[in-house]
Structures are given as C-alpha cells and as structure tokens.
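Commentary on secondary and tertiary structure
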Amino acid sequence: IDDFILNGTLTTSAVYFHQFNSGSVSGSEYNTAPDIIATGLSVGSTQWTGSGTTSITNCNGSNSLAVNVPNLGSTRTLTLTLNVASAYTFNLTGISTKFISTINNGGFAITVNGNPYYSSASVLNACPGIAVTQNTPLSLTGTVTIVISAVNSGSNAQNFAIDDFILNGTLTTSAVYF
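Let me begin by describing the structure that accompanies this report. (Residues numbered from 1 in each chain as written. Predicted model: local features only at pLDDT ≥ 70, side-chain atom pairs only at ≥ 80, totals over all residues. Heavy atoms only, no water.)

**Quick look at the overall build of the protein chain**
Within the protein chain, the secondary structure is distributed over zero helices and 16 strands. Of the contacts made within the protein chain by residues no fewer than 6 positions apart, 74% connect residues no fewer than 24 positions apart. Accessible surface computed for the protein chain: about 8400 Å², of which carbon and sulfur atoms make up 50%. (Helix = DSSP H or I, 4+ residues; strand = E, 2+ residues; numbered from the N terminus. Contact = heavy atoms within 4.5 Å. Areas by Shrake-Rupley, 256 points an atom, 1.4 Å probe, with all protein chains shown as cover.)

**A word on the pattern of salt bridges**
Enumeration over the complete set of coordinates arrives at one salt bridge. As a salt-bridge pair, D164 and K98 come within 3.5 Å of each other at their nearest N and O atoms. Of this pair, D164 sits in strand 16 (residues 158–177) while K98 sits in strand 10 (residues 88–101), and the two are 66 residues apart along the sequence. What makes D164 partly exposed here is its relative accessible area of 23%. (Salt bridge = Lys/Arg side-chain N within 4 Å of Asp/Glu carboxyl O. Buried < 20%, exposed > 50% of the residue type's maximum accessible area, 1.4 Å probe, protein only.)

**Overview of the nonpolar core**
Among the nonpolar cores identified, the biggest contains 34 residues, and W48, F90, I162, F165 and L167 are the most heavily contacted of them. Taken together, the elements giving at least two residues each to this core come down to strand 2 (14–18), strand 6 (41–50), strand 8 (62–69), strand 9 (75–84), strand 10, strand 11 (108–112), strand 15 (143–151) and strand 16. (Core = buried A, V, L, I, M, F, W, Y, C linked by side-chain atoms within 4.5 Å.)

**Notes on the sheet that holds strand 15**
Pairing in this open sheet of seven strands is antiparallel, and the strands run 3-4-6-9-15-11-12 from one edge to the other. Looking at which strands have only one partner, the edges of the open sheet turn out to be strand 3 (25–26) and strand 12 (115–120). Direction of pairing for strand 4 (residues 29–30) relative to strand 6: antiparallel, over a ladder of two bridges. Note that in strand 6 the partner of Y30 across the bridge is W48. (Pairing = 2+ DSSP bridges.)

**Notes on the packing of aromatic side chains**
This model, assessed by the stated rule, comprises eight aromatic pairs. Plain terms: the ring middles of F99 and F160 are 5.2 Å apart, the flat faces sit at 35° to each other, and that makes the pair tilted. Residue F99 is located in strand 10, and its partner F160 is located in strand 16; the two are separated by 61 residues in the primary sequence. For the pair formed by F99 and F160, the shared burial category is buried. Considering the side-chain rings of F108 and F160, the 6.3 Å spacing of their centres and the 35° angle between planes classify their relative orientation as tilted. One end of the pair, F108, is in strand 11; the other, F160, is in strand 16, and 52 residues separate them in sequence. The exposure classification of F108 matches that of F160, with both residues buried. These aromatic residues form a ring-pair network of at least three members: Y16, F20, Y30, W48 and F165. (Phe/Tyr/Trp six-rings, centres within 6.5 Å; stacked < 30°, edge-to-face > 60°.)

What follows is the structure in structure tokens.
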C-alpha cells in the first residue's frame, strides 16, 4: 500500500469567541473558558493577561475585559495565549472585537506572534465601544500570542477594554497514513 496524505478542514468561521460575561480576574489573569474554542486549539496556562491593573468592567449591561492605563504616554496590554495542537495549522482569517475606552484619542494596536496585525491612531471613548475587524490571513502553528496594546494620551488613569473577541479562520490537519 502506498502512503497517502489526508487533508481536512475541521472548523470554519469563529474558532475562538469570548464575551467575558462570566468569571473574574485573579491578579492580572483571566482564565474563564471562552464561549467557543475549536478542536485543535487550547488556551495557554494563562488565557488572558493584563500588563497592569486588570478587571472585568460593565458597559451598558455587558461585561468586558479591561486594563488600566495610568497616565499620558503609558502603554498597557491585554495578551491572549493559545496553543495549536501539533497535528493542526490555524489559518487565521480575521480578528473582530469591540473596544471600549475612556482614553480620548489614545492609540491601540494588535500584534500576532510579535507581528503587526492592526493599529489605529485613536480610540473613541464611548460605551458600548467601537467594533474593529481586520481580515489579514495568517497560518499559525504552536503557541499563538495575540497582544492588544493601548496608549493613554490623557493625563489621568483610564480604562481600555475589549468585548466580544472573535478569531475567525479554520483549523486544518494533515495526517499521513501508511
């Protein structure tokens, strides 16, 4: 019998989705299970980590994950760590989230494994926030680290929060049978 390779798509569309509607922050870590996580993906030993005072905040009755950005020029981050199982490739096709901020005109950025993915020179300060979608395809394996950073342009400490965080894409596997 000859060797052959079987390729398959295991899931499409939202492979990770978190509403942040339950759970709490311990220290700067948020580890409540996501609403959706596809087969082939798992959360890191710490799912979400804030680089400063991290909390669950409420905006018009909907919870969000927030980090406090202390003062002018300060940058703080929210970091998601995922693991792609060894037999899989995570084909990221887009990131969609809602930003909620009290930072007037502070910038924000999203990186994936250290590479720039999306950025904006300003964050609107309003509840229920602004929706952001970026559709840049990436093929990812191993540990995936998504960092969302915010810069405070004001003189007072302000919160920067995310809600309804979605990773779109597929997980594919290649299995060799012989």
